[in-house]
Protein chains: 2
Amino acid sequence: MPILQPIVNLAELLFQKGITDVVVSPGSRSAPLTLAVARHGRLRVRVMADERAAGFVALGMAQQSGRTVAVICTSGSAVYNLAPAVVEAFFQEVPLLLLTADRPHEWLHQRDGQTIDQPGLYGTHVKRSYDLPADNTHADARWAIDRSVNEAVNLSQLLPKGPVHINVPLREPFYPASDEPFRYERPRIVEVLPASAQLAAETWHQLQDDWERADRKLIAVGQLPRDPALLTILRQISDEWGVPVVGEIISNLPRNDSFITRTDTFLAGMSPEQAEAFRPDLLLTFGGSFLTRSLKTFFRQYPPRQHWHVQPGVDRVVDPFQALTRLIPGEPTPFLQKLFADLDYQHFLQGDDEEDSRTFLHHWQTADRQAARLVHQTVSDTDSPLTDWSATQQVLDHLPTSSVLHLANSMPVRYANLCGIEERQQIAVAANRGVSGIDGCLSTAMGAALATDQLVTLLIGDVAFFYDRNAFWSAPVPPNLRIVLLNNDSGHIFRMIDGPGRQPELETYFETPHGYTARNTADDAGLMYMVCSTKAELASRLPDFFQPGDRAKLLEVTTDKLANQSEFANYKQRLASLLAE
Amino acid sequence: MPILQPIVNLAELLFQKGITDVVVSPGSRSAPLTLAVARHGRLRVRVMADERAAGFVALGMAQQSGRTVAVICTSGSAVYNLAPAVVEAFFQEVPLLLLTADRPHEWLHQRDGQTIDQPGLYGTHVKRSYDLPADNTHADARWAIDRSVNEAVNLSQLLPKGPVHINVPLREPFYPASDEPFRYERPRIVEVLPASAQLAAETWHQLQDDWERADRKLIAVGQLPRDPALLTILRQISDEWGVPVVGEIISNLPRNDSFITRTDTFLAGMSPEQAEAFRPDLLLTFGGSFLTRSLKTFFRQYPPRQHWHVQPGVDRVVDPFQALTRLIPGEPTPFLQKLFADLDYQHFLQGDDEEDSRTFLHHWQTADRQAARLVHQTVSDTDSPLTDWSATQQVLDHLPTSSVLHLANSMPVRYANLCGIEERQQIAVAANRGVSGIDGCLSTAMGAALATDQLVTLLIGDVAFFYDRNAFWSAPVPPNLRIVLLNNDSGHIFRMIDGPGRQPELETYFETPHGYTARNTADDAGLMYMVCSTKAELASRLPDFFQPGDRAKLLEVTTDKLANQSEFANYKQRLASLLAE
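Since the model is a prediction, treat every value here as computed from it, not as a measurement.

Calculation notes
Residues numbered from 1 in each chain as written. Chains lettered and ligands numbered in written order. Predicted model: local features only at pLDDT ≥ 70, side-chain atom pairs only at ≥ 80, totals over all residues. Heavy atoms only, no water. Axes fitted to C-alpha atoms, helices over the stretch in contact; angles between N-to-C directions. Helix = DSSP H or I, 4+ residues; strand = E, 2+ residues; numbered from the N terminus. Parallel < 35°, antiparallel > 145°, perpendicular 65-115°, else oblique. Left-handed = near helix turned anticlockwise from the far one by under 90°. Contact = heavy atoms within 4.5 Å. Nonpolar A, V, L, I, M, F, W, Y, C, P; charged D, E, K, R; others polar. Least-squares fit on C-alpha atoms with pLDDT ≥ 70 in both. Pairing = 2+ DSSP bridges. UniProt positions renumbered as here; feature names shortened; annotations may be inferred. Salt bridge = Lys/Arg side-chain N within 4 Å of Asp/Glu carboxyl O. Buried < 20%, exposed > 50% of the residue type's maximum accessible area, 1.4 Å probe, protein only. Core = buried A, V, L, I, M, F, W, Y, C linked by side-chain atoms within 4.5 Å. Right-handed = clockwise from strand over helix to strand, strands pointing away. pLDDT = per-residue confidence, 0-100. Expected span 1.5 Å × (residues − 1). Arc of directions from axis to C-beta. Phe/Tyr/Trp six-rings, centres within 6.5 Å; stacked < 30°, edge-to-face > 60°. Domains from an automatic or database assignment. Buried area = accessible area lost by both parts, 1.4 Å probe. Polar contact = N/O pair within 3.5 Å; in protein donor to acceptor, adjacent residues only side chain to side chain.

1. Description of the packing of helix H14 (residues 388–398) of chain B against helix H15 (residues 411–419) of chain B
The relative placement of two packed helices comes down to the angle between their axes together with the axis-to-axis distance. All names here are of chain B. Their axes nearest at 9 Å, the elements H14 and H15 cross at an angle of 60°. If you check the angle between H14 and H15, you find them oblique. As for the relative orientation of H14 and H15, their crossing is right-handed in sense. Side by side, H14 and H15 meet where Asp 388, Trp 389, Thr 392, Gln 393 and Leu 396 of the first sit next to Tyr 415, Ala 416, Leu 418 and Cys 419 of the second. Here the residues of the contact of H14 with H15 sort into six nonpolar, two polar and one charged.

Listed below in structure tokens is the structure:
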């Protein structure tokens, strides 16, 4: 099919640009793209019938690998079905390349099937949007295609990473005849040399001076993939300088003697007098979203005098604590390493033990330890019923070391954050905290399982699970996926948060109980299915559940929403007493 | 909650503007909207957890009733999950009012949860997009809200109808205290008086003259809801003037002695010599999409000298046959009634028997009858295996009179069009032929069943069925819904159309067999489930299936894709022989 040669070449160009994985949803208009990647031979192609799930599977793969994953869909509403994953990828900064087949634009508004206004359809939720020429016989058109695809893949990887949209109008005929040669021409590659932001020497000295002058310094880490080098330098800074390092479960900051991870418990409901002891002069942050309202509200209510944020791209003033004063272009790990290296020698010369800093650290660490005891009291009572929270604690305690943990929105990620993960477990944690929707958590975890040989465990509630069950349909489920489904038969979060819990409309309009168990879904999908409803049962299931096997496994944990609610109320009450002390 | 009083009032305003139905998906940011409609007391509120299904349910209700249906969702990716239904509503011209809750815009790009760039998110796929003020204490802000909502509901109903988007940023706190009074203030209503387009007398006379002067006239009807008055006048024109009236199953033109409905069979593959006898001088059309490629290709290859199209809105040149010469503002039924009334008296005076017209009609009617015999031969052999096509014929033959038939994309609507429906059956046919996606066919039919007491039968293939099975989840399925699932375990259309059927990638990348049956889905959803795989079994199930009952029923028809393929190949072969005669 010589007329579509540029589309055939596109597969080779993706491969040359480092793309290894493609997720395809079936369609006829998209057939030239599908055939180009299917016949390439060196691209891993995964087929998913539901585009919404396909988009999130691609997101999960890219989140896991850091590499751009291509997504191919046909024209029409298929393009919109990808949108929930696209917007999550955009705000979570995950690299996707969306190749959406289209009819030539002259057919728009002509009552032809699957013809919608696709160019720029994702609006501001992609880094850039391209619209390839439908007619590519002219050399300039082919130049535009090659150049645009080079740029698009580059752009998906430039920091902050993110989704890029290439709309591909295709004119019939687009199926090759059976005797037609199908070959890939060597494309021209436009590479971008890697570079990093460097501060001028005087800027750096100024920054060092400002750091030194600040009395109480605190480092808070937003959502970040697990990075051992970052953990090492953060630990050094905490241990040697006495600077509290604070993070949540999605920061991939594990529990150890240095890091402070229980802010959701101990920052909630502090009096202004109590808060004053915790308030930093200088707050240094990096990474993406923070999870809990407790932490965000604390820094908004008690803003630091200075808030520095380190990140590669500084074109936006992202100011979640309403206190930002300085954006520092760069990656956090080299920044911290340089800061530590340059300052530590001075500290050594000065013999500065920073008494005030130590007191400040002590406040944070003591509160963290108290919070640990409180949580332990809440979930460790073996006589109390199995709840979402206590089940989460049991599951996290039993996670195989060096495995991957996916946390679904909305309650599972919060419970898991309350429980935390120990450093020795070496767990990498992921969660869709770009937009924080429940819509693609299952597909995302499945995508991660496809992109790694490690065990991937997903902790998910029933609403998110059933919402996204098409993840399982139409393609085999990878055997290294483990799903713990916390089924309380409702959108449980609405009972737990303050507002809707008090409304008479709670059940009907917010929780929406459905009565589903996952047994049939597991059966349809060929998953190994287990169920439990007590702490003892759960404990007895977990060792088997985490064993490797040739099939994915689903463990349904049945809990009672009223038991969940009363446990949470007890916790809140204990917390209030603790704060009143 | 006085600060949100304008949002409370909004529910009363919707009601006063004629909206009776609201579909709500749970969320916290959207709670003020949800509570406002839930407490109103005179709005029917349906709760659906999956926004994608919710959007299509609303579409089905609005399609059935012709009234605007409101949809409420929370902020973030929820808004994108509605988009597939929005774009279908836009191109199908179905009135929806999309009320999307949002965070106040100052939180965009501040790494807050469920915060995306919502204003204008549906792009050109809504008739208009509003963004309400987040702060409504100023009187002008309240004026803007009332005025915008009035305009939005008006606009959704102005022809062509369609979806309108109102983005609703809401600032906390938004849950009322339990002792807070909750009352609706009487809103100001801006009504729009109905009016219709009138042609000037001299324009009308010119049009009459042009009509009279044209030798071979033909009327072709695109997608339209069933309209008995339209059918009456079309039959008069066909019978008394000898003008062929052509339509497809989605035109709601039933089979009788007058109408020509088998164009998909007899217009396919005609030689230019044969086609010449069928080519009109003047083609008059109205309605929406045409379904089949046969019909569209025929008029593109053999364009009429003049193509007139009657429709209320004339701001777009919609020219699917590449032959349009005249847009006539107005509704088809009054237009045809006036044309008939004005011209028929002249015909009477002139005693004009229009010999040439009668010959032209005869060509179309003869071809239609031949096609009927051909289709009958194909599907009526009781010894051949049950296929999607023959099952469709059996189901259509047994439809209860005066019921509603929903036809899913992609093959079911085509098979049903080949089979057709008899006039005495009085069936109203609906299908999502705006964008023609498979994504929401099940939810749409469920929406229709919620909006009527008639029996609603959906004919659907397995890919569309499982894609949209969340229609069933989280809300009871109306007992007047009947689903006939044609399960051939694949995206069967790819085997039937010419291109992908020849590719070695057919199964893996296009058909995507999944091995699912609907038994578990039916069990989870509490549907009455039946299954059959032979013609005799199907015949024995159908009477029970169509009986009224207190539960929705699902009849799974298991067919073999190779049998489907060979039946279709036989049909094509018979057709080729017929054309070669």
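2. Examining the relation of the copies chain A and chain B
You can overlay chain A on chain B at an RMSD of 0.0 Å; the transform is a turn of 180° with a shift of 0.0 Å along its axis. Such values leave the two copies arranged in the relation of a two-fold axis. By C-alpha distance to the rotation axis, the residue of chain A lying nearest is Asn 520 of chain A, at 2.7 Å. Comparing interface residues between copies, 100% of those in chain A also lie at the interface in chain B; the contact surface is shared.

3. Examining the sheet that holds strand E6 (residues 163–169) of chain A
Residue and element names in this part refer to chain A. Taken together, six strands build an open sheet; the order of strands is E2-E1-E3-E4-E6-E5 and the sheet is parallel. Two strands lie at the open edges of the sheet, namely strand E2 (44–47) and strand E5 (129–131), each paired on one side alone. Strand-to-strand twist across the sheet, computed as the mean angle between neighbouring axes with direction ignored, equals 20°. Pairing of strand E1 (residues 21–24) with strand E3 (residues 69–73), which is carried by three bridges, proceeds in the parallel orientation. Residue Val 23 lies in a different strand from E3, and its bridge partner there is Val 71.

4. What to know about the UniProt feature "domain: Thiamine pyrophosphate enzyme N-terminal TPP-binding" (unreviewed entry) in chain A
The UniProt entry lists residues 10–118 of chain A under the feature "domain: Thiamine pyrophosphate enzyme N-terminal TPP-binding" (unreviewed entry), expressed in the numbering used here. The span residues 10–118 of chain A carries 41% helix and 18% strand; its end-to-end C-alpha distance comes to 20 Å.

5. Observations regarding the pattern of salt bridges
Two side chains with opposite charge may pair up if their charged atoms get near one another. On inspection of all chains with the given rule, the structure shows 51 salt bridges over all chains. Across the pair Arg 235 of chain B and Asp 239 of chain B runs a salt bridge whose closest N-O atoms are separated by 3.9 Å. Remark: Asp 239 of chain B and Arg 235 of chain B occur in helix H8 (residues 228–241); sequence separation between them is four residues, near one turn of the helix. Residue Asp 239 of chain B is classed as partly exposed on the basis of its relative accessible area of 40%. Salt bridges sharing common partners tie together Arg 103 and Asp 112 of chain A together with Lys 296 and Arg 300 of chain B.

6. Looking at the nonpolar core
With 129 residues, the main nonpolar core has Ile 460, Phe 465 and Phe 472 of chain A together with Ile 460, Phe 465, Phe 472 and Ile 483 of chain B as its most contacted residues. When sequence neighbours within four positions are dropped, the list of residues in contact with Phe 465 of chain A reads Leu 442, Ile 460, Phe 472, Ile 483, Leu 485, Ala 518, Thr 521 and Leu 554 of chain A. The next biggest cluster of nonpolar side chains, apart from the first, holds 107 residues, and it includes Met 270, Ile 427 and Phe 545 of chain A together with Ala 36 of chain B.

7. A look at the pairing of strand E1 (residues 21–24) of chain B
Residue and element names in this part refer to chain B. Neither face of E1 is left uncovered, since the one carrying Asp 21 and Val 23 and the one carrying Val 22 and Val 24 both have all their residues buried. Here E1 pairs with strand E2 (residues 44–47) via four bridges, running parallel. Bridging across to E2, Val 24 finds its partner in Val 47. Crossover connection from E1 via helix H2 (residues 31–38) to parallel E2: handedness right-handed.

8. Overview of the environment of Asp 209 of chain B
Its place among the elements puts Asp 209 of chain B in helix H7 (residues 201–213). In the structure, Asp 209 of chain B is positioned 134 residues away from Leu 343 of chain B in sequence and 9.6 Å away in space, judged by C-alpha atoms.

9. Concerning helix H5 (residues 83–92) of chain B
In terms of burial, H5 of chain B is largely enclosed, as ten of its ten residues are buried. Residues of H5 of chain B that are buried include every one of Ala 83, Pro 84, Ala 85, Val 86, Val 87, Glu 88, Ala 89, Phe 90, Phe 91 and Gln 92 of chain B, and no others. Buried residues in H5 of chain B make contact with helix H4 (77–81) of chain A together with helix H3 (51–65), helix H4 (77–81), strand E4 (96–102) and strand E6 (163–169) of chain B. Trailing H5 of chain B by a residue or two, Glu 93 of chain B shows a phi angle of about 65°, which is positive.

10. Some remarks on the confidence of the model for chain A
On average, residues of chain A score 94 in pLDDT, and 98% of them reach the 70 mark or higher. On the interface metric, ipTM, the complex scores 0.96, and its pTM is 0.97.

11. Section: helix H22 (residues 535–546) of chain A
Residue and element names in this part refer to chain A. Helix length check: H22, at twelve residues, gives a terminal C-alpha distance of 17 Å against a target of 16 Å (1.5 Å per residue), a fit within 8%. Of all the positions in H22, only Lys 535, Leu 538, Leu 542, Phe 545 and Phe 546 are classed as buried. Viewed along the axis of H22, the buried residues span an arc of 75°, placing them on a single side of the element. For H22, exposure combined with an orientation more than 90 degrees from the buried face picks out Ala 536 and Asp 544.

12. Some thoughts on the sheet that holds strand E17 (residues 528–532) of chain B
Residues and elements named next belong to chain B. A sheet is described by the order of its strands in space; here six strands give the open sequence E14-E13-E15-E16-E18-E17, paired in parallel fashion. For this open sheet the edge positions go to strand E14 (428–430) and E17, each flanked by a neighbour on one side alone. Each strand axis lies, on average, 20° off the axis of its neighbour in the sheet, ignoring direction. Relative to strand E15 (residues 456–461), strand E13 (residues 404–407) runs parallel, the two sharing four bridges.

13. Quick look at unusual backbone geometry
That bond from Leu 159 of chain A to Pro 160 of chain A is cis: its omega, -10°, falls within 30 degrees of zero. Tracing the sequence through the fold places Pro 160 of chain A in the loop between helix H6 (139–157) and E6. At Gln 322 of chain A, a residue that is not glycine, the phi angle is positive and equals roughly 55°. Mapping Gln 322 of chain A onto the fold places it in the loop between strand E11 (306–311) and strand E12 (326–329). Despite not being glycine, Ser 402 of chain B has its phi angle at roughly 55°, a positive value. Within the secondary structure layout, Ser 402 of chain B lies in the loop between H14 and E13.

14. What to know about the packing of aromatic side chains
Residue and element names in this part refer to chain A. Considering all chains together, one arrives at 57 aromatic pairs over all chains under this definition. Considering the side-chain rings of Phe 182 and Tyr 184, the 5.8 Å spacing of their centres and the 70° angle between planes classify their relative orientation as edge-to-face. Residue classification places Tyr 184 among the partly exposed residues on the basis of a relative accessible area of 22%. A centroid spacing of 5.6 Å and a plane angle of 85° characterise the contact between Trp 204 and Phe 335, whose relative ring orientation is edge-to-face.

15. Considerations on the domain arrangement of chain A
Much of the literature gives interface size as the accessible area that the parts lose upon coming together. Residues and elements named next belong to chain A. Per the domain assignment, the segments making up chain A are domain 1 (5–169), domain 2 (201–367) and domain 3 (380–580). Spacing between the C-alpha centres of domain 1 and domain 3 amounts to 32 Å. Contacts between domain 1 and domain 3 engage 19 residues on the former and 29 residues on the latter. Summing both partners gives a buried area of about 1800 Å² for domain 1 against domain 3, and 59% of it is carried by carbon and sulfur. Sorting the residues of domain 1 by area buried against domain 3 places Arg 46, Phe 56 and Gln 64 first, and these three jointly supply 30% of that buried surface. Taken together, domain 1 and domain 3 are joined by zero salt bridges.

16. Considerations on the interface of chain A and chain B
Contact with chain A, which involves 91 residues of that partner, is made by 91 residues of chain B. Summing both partners gives a buried area of about 7800 Å² for chain A against chain B, and 51% of it is carried by carbon and sulfur. Seen at the junction of chain A and chain B, the total is twelve salt bridges. For Arg 293 of chain B, the salt bridge goes to Glu 172 of chain A, with nearest N and O atoms at 3.2 Å. Seen at the junction of chain A and chain B, the total is 56 residue pairs in polar contact (both at pLDDT 80 or more). The residue inventory of the side of chain A that touches chain B, partitioned by class, reads 38 nonpolar, 32 polar and 21 charged.

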